[in-house]
Amino acid sequence: MSADLAFAPAPRDPARSFQDMILTLHDFWSAQGCVILQPYDMRMGAGTFHTATTLRALGPEPWNAAFVQPCRRPTDGRYGENPNRLQHYYQYQVILKPSPPDIQALYLKSLAAIGIDPLAHDIRFVEDDWESPTLGAWGLGWEVWCDGMEVTQFTYFQQMGGFDCKPVAGELTYGLERLAMYIQGVDNVYDLAFNTAGVSYGDVFLENERQMSKWNFEVAETGALFDLFAKAEAECRNALSAGVPIAAYEQAVEASHVFNLLQARGVISVQERTSYMGRVRDLARSSCEAYAEKMAPEWQAKYPGWSLV
Amino acid sequence: MADFLLELLCEEIPARMQAGARAELEKLFRRELDAAGVGPGELTIWSTPRRLALIARDLPLATEAVSEEAKGPPEGAPDAAIDGFCRKNGVTREQLTLRDVKGRMTWFAVIDQPGRAMADVLAAAIPAIIRDFSWPKSMRWGAASIATESSRWVRPLSGIVALLDGEVVPCEVDGISSGRETFGHRFHSSGAISIASADDYAASLRAAHVIVDHEERAALIREGAARAAADAGLTLVADEGLVVENAGLTEWPVPLLGRFDEAFLDVPPEVIQLTARVNQKYFVCEGADGKLANAFVCTANIAPRDPAVVVDGNRKVLAARLSDARFFWEQDQKTPLAVHAEKLARITFHEKLGTVADKVERVAKLARWLVESDIVTPAKAGVSGGDALSSEMPASAGMTKGVLADMAEQAARLCKADLVTEMVGEFPELQGLMGGYYAAKEGLPQEVSDAIRDHYKPVGQGDEVPTAPVTVAVSLADKLDTLAGFFLIDEKPTGSKDPFALRRAGIAIISLVIRNSLNMSMAATLMKASFGVLDYIYYREHDQKLSTIKDVFPLLSGPEGAISLLKAAFPKRDVVADPTAPPKVIQRDRENAARLQEMVIFLFDRLKVQQREAGVRHDLIDAVFALGGEDDLVRLLARVHALQAFVTTEDGTNLLAGYKRAANILKKEGWSAAEATRIPVTGEEDPLAQVDDPGMADIVAEQAALRASAVPPLSYTPEAAEKALIDALAVAAPRAAEAVEAERFADAMAALATLRAPIDRFFEEVTVNAQEADKRTSRLALLAAFRDAVHRVADFSRIEG
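Residues numbered from 1 in each chain as written. Chains lettered and ligands numbered in written order. Predicted model: local features only at pLDDT ≥ 70, side-chain atom pairs only at ≥ 80, totals over all residues. Heavy atoms only, no water.

Asks: Hey, could you run me through the overall build of chain A in this one?
Replies: Secondary structure summary: chain A contains seven helices and nine strands in total. On C-alpha atoms alone, chain A measures out to a radius of gyration of 21 Å, which is about the 19 Å that the 2.2 N^0.38 rule sets for 309 residues. Overall, chain A is about 55 × 55 × 50 Å in size when its C-alpha atoms are taken along their principal axes. The buried share of chain A, reckoned over its 309 residues, is 54%. Within chain A, contacts between residues separated by at least 24 positions form 66% of all contacts whose residues are at least 6 apart in sequence. Each charge sign in chain A was given a centre, from 24 positive and 38 negative side chains, and these centres are 4 Å apart. (Helix = DSSP H or I, 4+ residues; strand = E, 2+ residues; numbered from the N terminus. Rg over C-alpha atoms; globule rule 2.2 N^0.38 Å. Buried < 20%, exposed > 50% of the residue type's maximum accessible area, 1.4 Å probe, protein only. Contact = heavy atoms within 4.5 Å. Lys, Arg positive; Asp, Glu negative; His and termini not counted. Charge placed at Lys NZ, Arg CZ, Asp CG, Glu CD.)

This is the structure:
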């Protein structure tokens, strides 16, 4: 090969670059046998909504994956004026099924890989159980503290879509901006170094936060949003009746996000809120159930003796 | 004798569950040893976030051999019966022996249980303990969880150390084999460590940076945090709950003091303390002036290379939390409480009782009514409060009734407004307190802001009871509305279920009334509160307001009605509505009146519970309450106190004995003359069944009392002792009745005391069951008169002893 074409990647510098921190996590979890996925191409409130987490937590087959998922929380928008709060941010998700016996050790090793020395920083596992009525899911675990700051949510999924997880999957959700702020010693998220070439997080996202906060809170046409919600709901039902639960699930995710936008626009009353949440829950759970039931015969064939319930 | 060590290693156990887990481990271990017939000696149980440990000293090396006998069928019983008996006891037919049982030859099985080695007992006990262990929440994990029945633990279980006199007790639970290896501190120790024996356990772990004794860790935190504060010239705000929680989060606790930006001290100290405590588990400190200082103490789980790094990280987190809190504090103040209160219309209080705004409306009216009806008066609340407290509220001293009523209504209208503020949204435990702060910042009168702050009080027994009149009115109205509301929609507490904390509300009502000596008819007051609720319900259901309380309780409105209700509360009977009212209204009235009765009885039951703590006997409360007609708690308690003082004296004890003797004789003799005229307050039968108008009951009762105290003229010359009792009664009965009327209860007791000697003498010297019918009748009538005179003061039949 010609010398012109030879490429030697620069060493990662997770302590001074947001993207290097992410790439280091990719390197680490890739080395543990995880598939490194790309973000799900839909708007969602948490990495847990990614089908690689929800749907793959169901069934007996082993599954190990890691990915970055952009998360949208319209009501958390602060027009770029708050140093910690964003309406769009990143989560790093790792899902390991079945949960390996050394999962805590692996996690701590991953922190060390991005530059957190556990004898210099106080790392703690503090009880924090997780529940998502929307997904019919719950699990036990901790929030992991680093010098008092929550940097990761660590959960052993016990149920998903109303079904027992057999086997149980371990889920790690790193708050990437928080971790990076910590590692880089920065007090304002917009001051984070995105890379080592002088691009900051603010260069990338500040204007986006300003405009999207305004749109979320003030501009979005609520009639159209109500319409979108109804359409997503109808399409979810359509997909369910056609026996394509993954497509149905996508519509449930869509409805969930549109509901969050309606909330940010302040057009859903307290009474209506409960009813809308119930509708979203119904869509998500029905989709998960339909997926599990559709796949169950295949799973049972591969794992004799295994049963869905 | 041998020492046993068990350690169960797992991933981090929630701090709040560790105390319970220690108790559970002890319970199950004792259960297992009991089953083996071994009494454990001294047990030590320790916990850290990652392990539960148990050390049992002086266990025998083997259990005792036991021989048990089982009695079987008699000789000659069918084969099937004998075979069945053999199977049950695990013996063959040849092993049975015959013995004579009361002349009948019977088969016996003698089962010899040889002694078992202690190691075997323990090897079987450990899996059983793990299997049966009960956690508040438990989980499955790992590859084994592909099966539904895989074992459960609070977090994944990873190791078992089981050593009896230094030897491994071999056992296996779901692929985890017991051994002598465990792990030390997550970061200060690497690789497995080997434990030699129970005696070495704590020291081996200490060498690996784990302090296994939770008490020792708690002491390190308690003292270390106090020292860190003292070194900075501050005083730690002690918080034992935090000490225990931090001891449950660390294996090697290191308290560290940090500072936060002084500018945050603008935020109320309670908010700072709560933020630090709840979110971060930090202690806070006070300066020499007793005010909150800009310092916190966190507890690290490592001896950090550079403590400043850890402290700085924690400081940043706290700063972010505090800037959120300050943002809420400033944001909330931009809107007046009255405007916040408008949003309460969007919060449901209870589906059937409307929104919080609806409740506030009712509470505001009721609070005003409490003042306008002279139940809460400027002078009364706080007057009994002792000097320390009453001196704290000089503002009420010169207040007029009108001003007090206005303030009570104003405070009630604003008291729930903080529920929709950002701060209370974030920290629900600050409800009331924040409203008080915001009201003060708005410049509302101090009486109003104090009432907003304190109107939830008292929360449970032992909490401070408000005495400032405005606060008393709002607090009382709030709780009366809650109690009446939930009873009227049939949501009263049952058994252990009390989802709306009505028992607590009941205790709070009682405490407020007693602490402030509020004279009021409980039934009439609850009726007023019920009217507010029913008015709301009917309005919602029929779009029509109830114009007066009479619409709801046609015959019960007014104080006489309330008394009748109270009397009626005891026999199980309906309160009869206005016969001219439409049947639907009568039906509704009956239902509502029945619920009102339930409320009154419920409150008196609470009173008994509440007074037990104060050393007041519940039977004495019953004895006074059972008379009926008395539902003024203050007066009732004064009477109970006098009664309690009396029945514990020699006179009281003897009079009670005399009373019981008289009552027994009357009962035995089937004496009914007085019985028919007295209105009993309990019993299956309903003597008032014919008296449709409850107002009649009073008349009947009055006549009965008159007749009872008037002993019919005698047709013979009474014996000296008989005469003495008649004379004593003639003086004592009206004196006692008068004293009760005038609320001089000690005097009433003193009047009863004069009957003690005559009644004792009467029983000693006079034969009640005389041959002559007229003597017998007269003497029974005399005893009845005596009994009824005593009864005017209290129902002595309910007094125990």
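Asks: Where do I start with the interface of chain A and chain B in this structure?
Replies: Interfaces are often sized by the accessible area lost when the parts come together. Opposite the 43 residues of chain A that make contact, chain B presents 45 residues. Regarding the contact of chain A and chain B, the summed buried area is about 3500 Å², with carbon and sulfur atoms giving 52% of it. The interface formed by chain A and chain B includes six salt bridges. For Asp117 of chain A, the salt bridge goes to Arg305 of chain B, with nearest N and O atoms at 2.4 Å. When contributions to the side of chain A that touches chain B are tallied by element, the ones reaching two or more residues are α2 (103–113), β4 (123–127), β6 (137–146), β7 (149–160) and α7 (270–302) of chain A. Split into classes, the residues belonging to the side of chain A that touches chain B amount to 24 nonpolar, nine polar and 10 charged. (Buried area = accessible area lost by both parts, 1.4 Å probe. Salt bridge = Lys/Arg side-chain N within 4 Å of Asp/Glu carboxyl O. Nonpolar A, V, L, I, M, F, W, Y, C, P; charged D, E, K, R; others polar.)

Asks: Teacher, can you tell me more about the sheet that holds strand β4 (residues 66–74) of chain B here?
Replies: Strands pair in a sheet through their backbones, by hydrogen bonds, and they do so in one of two ways: parallel or antiparallel. Residue and element names in this part refer to chain B. Spatially, β4-β6-β5 is the arrangement adopted by the three strands of the open sheet, whose pairing is antiparallel. Whereas interior strands pair on both sides, the edge strands pair on one side only; in this sheet they are β4 and β5 (96–101). On average, adjacent strands in this sheet sit at an angle of 40 degrees to one another, irrespective of strand direction. By the bridge criterion, six bridges tie β5 to strand β6 (residues 104–113) in an arrangement that is antiparallel. Bridging from a neighbouring strand, Thr97 pairs with Phe108 of β6. The sheet strands contacting helix α2 (residues 79–89) are β4, β5 and β6, and the helix crosses β4 at an angle near 165 degrees. (Pairing = 2+ DSSP bridges. Axes fitted to C-alpha atoms, helices over the stretch in contact; angles between N-to-C directions.)

Asks: Quick question: what am I supposed to make of the pattern of salt bridges here?
Replies: Residues and elements named next belong to chain B. Evaluation of the coordinates by the stated rule reveals 68 salt bridges over all chains. Taking the shortest distance from any N to any O, the salt bridge between Glu12 and Arg186 comes out at 2.9 Å. Separated by 174 residues along the polypeptide, Glu12 in the loop between β1 (2–10) and α1 (18–35) and Arg186 in the loop between β11 (181–183) and β12 (192–194) bring together distant segments of the chain. Arg787 is the salt-bridge partner of Asp788, the closest N and O atoms lying 3.3 Å from each other. Just as Asp788 is buried, Arg787 falls in that class too. Among the charged side chains, a network of salt bridges with common partners joins Glu361, Lys365, Arg368, Glu372, Asp406, Glu409 and Arg413.

Asks: What is the right way to look at the UniProt feature "domain: DALR anticodon binding" (unreviewed entry) in chain B in this model?
Replies: Under the present numbering, the feature "domain: DALR anticodon binding" (unreviewed entry) in UniProt falls on residues 717–790 of chain B. Along residues 717–790 of chain B, the helical share is 80% and the strand share 0%, with 25 Å between the first and last C-alpha atoms. (UniProt positions renumbered as here; feature names shortened; annotations may be inferred.)

Asks: Sorry, what's going on with the domain arrangement of chain A here?
Replies: Residue and element names in this part refer to chain A. Split by domain assignment, chain A resolves into domain 1 (18–218) and domain 2 (221–302). Centre-to-centre, using C-alpha coordinates, domain 1 lies 23 Å away from domain 2. In this assembly, 27 residues from domain 1 lie in contact with 23 residues from domain 2. Where domain 1 abuts domain 2, roughly 2400 Å² becomes buried across the two surfaces, and 66% of that area is made up of carbon and sulfur atoms. Joining domain 1 to domain 2, the criterion identifies two salt bridges. Our count for the domain 1 to domain 2 interface comes out at seven residue pairs in polar contact (both at pLDDT 80 or more). Ranked by the residues each element gives to the side of domain 1 that touches domain 2, the list is headed by helix α4 (residues 201–219), at four residues. Residues of the side of domain 1 that touches domain 2, tallied by class, amount to 13 nonpolar, 10 polar and four charged. (Domains from an automatic or database assignment. Polar contact = N/O pair within 3.5 Å; in protein donor to acceptor, adjacent residues only side chain to side chain.)

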